[in-house]
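Chain by chain, the residues run as shown.
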Amino acid sequence: MSTLRELALLVDGEVVGDPNVEITGVAEIHNASTGSISFLLHKKNQSYLESTKASAVVVSKSESSGNTNLLKVENPSLAFIHILEHFSPEISAEEGIHPTALIDPESKIGKDVAIGAFAVISSGSDIGSGVSIGSHVIIESGAVIGEGSKIGGGVIVGHNCEVGSDTIIQGGTVIGSHGFGFTTEKDEHHRIPQLGRAVLGDNVEIGANCAIDRGTLTDTVIGDGTKLDNLVHIAHNVKIGKGCLITAHVAIAGSTVVGDYVAFGGQSGATDHVEIGDRARIASRGGITKSVPGGKTYSGMPAREAMEQNKLDAYINRLPELVKRVQALEQKLENRKGKK
Amino acid sequence: MSTLRELALLVDGEVVGDPNVEITGVAEIHNASTGSISFLLHKKNQSYLESTKASAVVVSKSESSGNTNLLKVENPSLAFIHILEHFSPEISAEEGIHPTALIDPESKIGKDVAIGAFAVISSGSDIGSGVSIGSHVIIESGAVIGEGSKIGGGVIVGHNCEVGSDTIIQGGTVIGSHGFGFTTEKDEHHRIPQLGRAVLGDNVEIGANCAIDRGTLTDTVIGDGTKLDNLVHIAHNVKIGKGCLITAHVAIAGSTVVGDYVAFGGQSGATDHVEIGDRARIASRGGITKSVPGGKTYSGMPAREAMEQNKLDAYINRLPELVKRVQALEQKLENRKGKK
Amino acid sequence: MSTLRELALLVDGEVVGDPNVEITGVAEIHNASTGSISFLLHKKNQSYLESTKASAVVVSKSESSGNTNLLKVENPSLAFIHILEHFSPEISAEEGIHPTALIDPESKIGKDVAIGAFAVISSGSDIGSGVSIGSHVIIESGAVIGEGSKIGGGVIVGHNCEVGSDTIIQGGTVIGSHGFGFTTEKDEHHRIPQLGRAVLGDNVEIGANCAIDRGTLTDTVIGDGTKLDNLVHIAHNVKIGKGCLITAHVAIAGSTVVGDYVAFGGQSGATDHVEIGDRARIASRGGITKSVPGGKTYSGMPAREAMEQNKLDAYINRLPELVKRVQALEQKLENRKGKK
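Everything numeric in this text was worked out from a predicted model, so none of it was measured. (Residues numbered from 1 in each chain as written. Chains lettered and ligands numbered in written order. Predicted model: local features only at pLDDT ≥ 70, side-chain atom pairs only at ≥ 80, totals over all residues. Heavy atoms only, no water.)

Engineer: Even after reading the chapter, I still don't get the relation of the copies chain A and chain C, so can you show me in this structure?
Structural biologist: For the pair of chain copies, the relating operation is a rotation around an axis with a shift along it. Each copy of the sequence occupies a distinct position, and chain A is placed on chain C by a rotation of 120° and an axial shift of 0.0 Å, giving an RMSD of 0.1 Å. The transformation relating the two chain copies, once decomposed into turn and shift, fits a three-fold axis. (Least-squares fit on C-alpha atoms with pLDDT ≥ 70 in both.)

What follows is the structure, given as structure tokens:
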């Protein structure tokens, strides 16, 4: 429990109303109850400022007062994160190294590392300070985990792969799987060894049950600050830039190069050996089949610029009308012919 | 081995033929051999009633006799399930609590619970009576598993998440992963804490290697009797009703609300913040991008009513013909012009 | 480190230049440095023969000399594999049976088997000679793993399932999950027992985090030499032939029969109960919705022959032009009418 005054200090905000009101948790503005704090994050919810039962609402500086206590801040979205963190339940996190974890004597373990039950830390691996490793994790030989990173339960980090600092990998994900590369000779598919690594930058997040292949000769790379949702596939040799957002079920095929701050919608993808420019946005289910410049939105399969795609869709939607117009023309010509 | 009479008792059926024939197993009607029992589940297979080598065939009450013994029942599909269960091999299921399983003393374990090797049951969790937990499962702190549920190998049930009674979760699935929610400020993606839970109802089934995110403020909910296939992604705050069937590779984005008895075909999906009405059916690869009423079938991406989509597809298929008609019109006008 | 002469012996090639040059690793032809060997695998890279800094380049017999030492071979792609294998780092592979692995006394373990930490080998299972099993693997009762196969970390091989010889299963994959089969009666979905197995042939490869369901009455089968990428879903009763290539995120629905040497592009799929002929190719995102003959390429959803699909796409792309032509016709007719 905290007073509104304490929360104001936390988020550098200004109270309009009673700073002594006690706040016990966070709730959505439309179904909050007394004791909770809510957030006005979208203009469309503004009317709730009058009707909400929340004991306080976090609003932007420009907001005029409503029917409850207000906490005015520069950026309500960021304040939302800080206040959520404040009210997060204490999860009994891994602490220290569980006695059932197997730590190879030839691995290097930093300070304040937590390692869960039955985890396997192989020889030559290097676990940075403050790293938290879940139960049943496998860190293969030579793998490096940067400081402060959190590795979820059952994750596999393959041999020699590298995870940056403050990076999060959620449960069940495989980093450094063997890429899907074969040379076919007389109907037999010969497996191409994959000598490269998978390398994740700092502040990366990888969702649950993803698969990130290692590279063939060079590394598969995921840049700093890039976030992946669940069940994402990244093939061998792919290079992804900084700050990308890659939603669930995306598949990026081999050797494709993705720029910085690119956004992939759900179930979208990119074929192999193409380049996608910085700040490109691929709509849900969009499929990039050739290199595209950045800064634009693409949709459809094969993907084209969304504006162009929308125009074509409009033309398709009017096809029944077009057919009627052609029928009318045919009828007119037929009639005239008949008149002659 | 059972006699046909015994199987008739099991499924409340009536034997036409020899009730003493011995049945050793179940086979498909078109490739059955002596000693097996088959099922007539589709009209198109009716001719097999004459030619099948099965020692008996389960048929509906209305069926006239074929060339083999018949077992007439009200509902052959349900009888199929009961007789399959009867002939299921005894799997050496988990029994009791394996000595390598780690059971936190502050967890609550019901009667007749089976827990596999190397499973980790954390503090504050509550495992109902008759629950079976596979090897390498992680039940995080505060998680609740209802009576009679079966948790497959390597599954993770995240902290405070709740699984109902008689629910099945298959191998490798992650329940309660952290949702893909970020607030972006100056190109930096700040992670939004997810304080909600993932809550599964009773009689739910989740396939292998799925990922079900926890909610942000409220819970992600999967209703009673809903079944998910393999590799399905359910994002944070999604609410799914009762009795839905959600096929493999489906992705449902954040905060979307799915009604009761909705069916999703393979690789289909729904965007975030939409509502899908009761008994809607989304065809394979359909992509719901806006709220849709229930009771109808949707297909395409973006999805529209399947009938409408089929009509448009027919128009598209006749585009070559339409172009020829326009050419013919142009030619006619050109000819007339020439004639003048 | 090896001399070029030694590598020539390895791949049965002929040196043009200095056979004593020392090679320390493999690099891409366009960013190689001294000491590395590169490969000319695509004609488009031929100009690099002049500019590469590689100490040697592997080329086909027909190649004339460039600016560096050449190693001429019959098939540079196969030589690429052999030389990559030669330079592969020694991975500290599993050796012997880890003391924490649980081996049921009623299982059968061949010679020279490696079993990782915390693996669970159940009763009645049969592990062939030379098999390598990763950490945290679960081999359920009665499962068979053929000689020389490699099972990645955290993999589950379900009860009675069968894996052939020299087959590779990557981390996190579930073999023999319970198929998505229900009989719906009054809105209740009754689970159909799945008595069949999942059976993988020899030289098969399954990527990371896949799910291969067991069959209902017969087996789900994946033929010899077939390769699956990551996150692939194969439903119950599916039969896949020999030598297929199935890329990431593919979903093949129940009872579908896939011929030999079929190729599925990324995120493509097939509906249930269809047949796909030998050597069919399904383009990325293609969705097979009815049986199709082999030897052809299919694309789109629903998929049709790619040539036909490409033609339709061209017609769609020219829709704006077609609408203008119809407008012009309407205008002409209107003008003439006006003239009269």
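Engineer: Would you explain the sheet that holds strand β7 (residues 69–73) of chain C in this entry?
Structural biologist: Two pairing modes exist for strands in a sheet, parallel and antiparallel, and in both the strands are linked by backbone hydrogen bonds. All names here are of chain C. Across the sheet, which stays open at both edges, the five strands sit in the order β2-β7-β6-β5-β4 with mixed pairing between neighbours. Edge positions in the sheet fall to β2 (14–16) and β4 (25–26), since each of these pairs with one other strand and no more. Relative to β7, strand β6 (residues 56–60) is paired through five bridges, and the arrangement is parallel. Counted as the bridge partner of Ala56 is Asn69 from β7. Here helix α1 (residues 4–11) sits on the sheet and contacts β2, β5 (36–39), β6 and β7; the angle it forms with β7, its principal contact strand, is near 10°. (Pairing = 2+ DSSP bridges. Helix = DSSP H or I, 4+ residues; strand = E, 2+ residues; numbered from the N terminus. Contact = heavy atoms within 4.5 Å. Axes fitted to C-alpha atoms, helices over the stretch in contact; angles between N-to-C directions.)

Engineer: Sorry, what's going on with helix α3 (residues 76–87) of chain A here?
Structural biologist: Because an α-helix packs 3.6 residues into every turn, residues spaced three or four apart end up facing the same way. Taking 1.5 Å as the rise per residue, α3(A) with 12 residues should run 16 Å; its terminal C-alpha atoms sit 16 Å apart, in good agreement. Between the side-chain oxygen at the start of α3(A) and the backbone nitrogen of A:Ser77 there is a gap of 3.0 Å, and the oxygen is on A:Asn75. (Expected span 1.5 Å × (residues − 1). Polar contact = N/O pair within 3.5 Å; in protein donor to acceptor, adjacent residues only side chain to side chain.)

Engineer: I keep staring at the pairing of strand β22 (residues 188–191) of chain C and nothing clicks. Help me out?
Structural biologist: Taken residue by residue, a regular strand's side chains alternate between the two faces of the sheet. All names here are of chain C. With four bridges connecting them, strand β21 (residues 182–185) and β22 associate as antiparallel partners. Counterpart to Glu185 in the pairing with β22 is Glu188. The hairpin turn running from β21 into β22, its antiparallel successor, is two residues long, and Lys186 in that turn takes a positive phi close to 50°.

Engineer: Can you help me understand the interface of chain A and chain C in this one?
Structural biologist: Where interface size is quoted, it is often the accessible area lost as the parts come together. If you look at the interface, chain A gives 61 residues, while chain C gives 62 residues. Across the interface of chain A and chain C, roughly 4,800 Å² is buried in total on both sides, 67% from carbon and sulfur atoms. Taken together, chain A and chain C are joined by three salt bridges. At the junction of chain A and chain C, the tally comes to 17 residue pairs in polar contact (both at pLDDT 80 or more). Counting only elements with at least two residues in the side of chain A that touches chain C, the list comes to β20 (174–177), β21 (182–185), β22 (188–191), β25 (211–213), α4 (306–317) and α5 (319–339) of chain A. Its residues assigned to classes, the side of chain A that touches chain C shows 29 nonpolar, 23 polar and nine charged. (Buried area = accessible area lost by both parts, 1.4 Å probe. Salt bridge = Lys/Arg side-chain N within 4 Å of Asp/Glu carboxyl O. Nonpolar A, V, L, I, M, F, W, Y, C, P; charged D, E, K, R; others polar.)

Engineer: Would you explain the interface of chain A and chain B in this entry?
Structural biologist: With 63 residues of chain A at the interface, the matching set in chain B holds 61 residues. By the criterion of area lost to chain B, the three top residues of chain A are A:His136, A:Arg285 and A:Leu333, representing 13% of everything that side buries. Remark: the boundary between chain A and chain B carries three salt bridges. Its salt-bridge partner being B:Arg325, residue A:Glu330 comes within 2.9 Å of it at the nearest N-O pair. For the interface between chain A and chain B, the tally reads 17 residue pairs in polar contact (both at pLDDT 80 or more). Elements with a contribution of two residues or more to the side of chain A that touches chain B: α3, β27 (227–228), β30 (245–246), α4 and α5 of chain A. Top element by residues in the side of chain A that touches chain B is α5(A). It accounts for 12 residues.

Engineer: What's the story with the pairing of β5(C) in this structure? I'm lost.
Structural biologist: Residue and element names in this part refer to chain C. Here β5 shows two buried faces, one formed by Ser36 and Ser38 and the other by Ile37 and Phe39. As judged from the two bridges shared by β4 and β5, these two strands associate in the parallel manner. By the bridge assignment, Gly25 is partnered in β5 with Ser36. Pairing geometry for β5 and β6, over three bridges, is parallel. For Phe39, the partnering residue across the bridge sits in β6 and is Val58. (Buried < 20%, exposed > 50% of the residue type's maximum accessible area, 1.4 Å probe, protein only.)

Engineer: Before we go on, may I ask you to explain the domain arrangement of chain A in this structure?
Structural biologist: Residues and elements named next belong to chain A. Looking at chain A, the domain boundaries give domain 1 (2–87), domain 2 (102–307) and domain 3 (308–339). Taking only C-alpha atoms, the centre of domain 2 and the centre of domain 3 are 50 Å apart. Counting residues at the interface gives seven residues for domain 2 and five residues for domain 3. When the buried area of domain 2 at its contact with domain 3 is split by residue, Arg304, Ala306 and Met307 rank highest and sum to 76% of it. There are one salt bridge connecting domain 2 and domain 3. Across the domain 2-domain 3 interface, the total number found is eight residue pairs in polar contact (both at pLDDT 80 or more). (Domains from an automatic or database assignment.)

Engineer: Mind showing me how you'd approach the environment of A:His249 here?
Structural biologist: Residue placement: A:His249 occurs in the loop between β30 and β31 (251–252). According to the relative accessible area criterion, A:His249 is buried, its value standing at 3%. Along the sequence, A:His249 and A:Ile145 sit 104 residues apart, while their C-alpha atoms lie 25 Å from each other. From its side chain, A:His249 meets the backbone oxygen of B:Leu231 in a polar contact 2.9 Å long.

Engineer: I would appreciate a short explanation of the packing of helix α1 (residues 4–11) of chain A against α3(A) in the present structure.
Structural biologist: Residue and element names in this part refer to chain A. Interhelical geometry of α1 versus α3 gives an angle of 125° and a closest axis separation of 10 Å. Comparing the axis directions of α1 and α3 gives the class oblique. Between α1 and α3 lies a crossing of right-handed hand. Residues Leu7, Leu10 and Val11 of α1 form the contact with α3, whose own contacting residues are Ala79, His82, Ile83, His86 and Phe87. Grouping the constituent residues of the contact of α1 with α3 by class yields six nonpolar, two polar and no charged. (Parallel < 35°, antiparallel > 145°, perpendicular 65-115°, else oblique. Left-handed = near helix turned anticlockwise from the far one by under 90°.)

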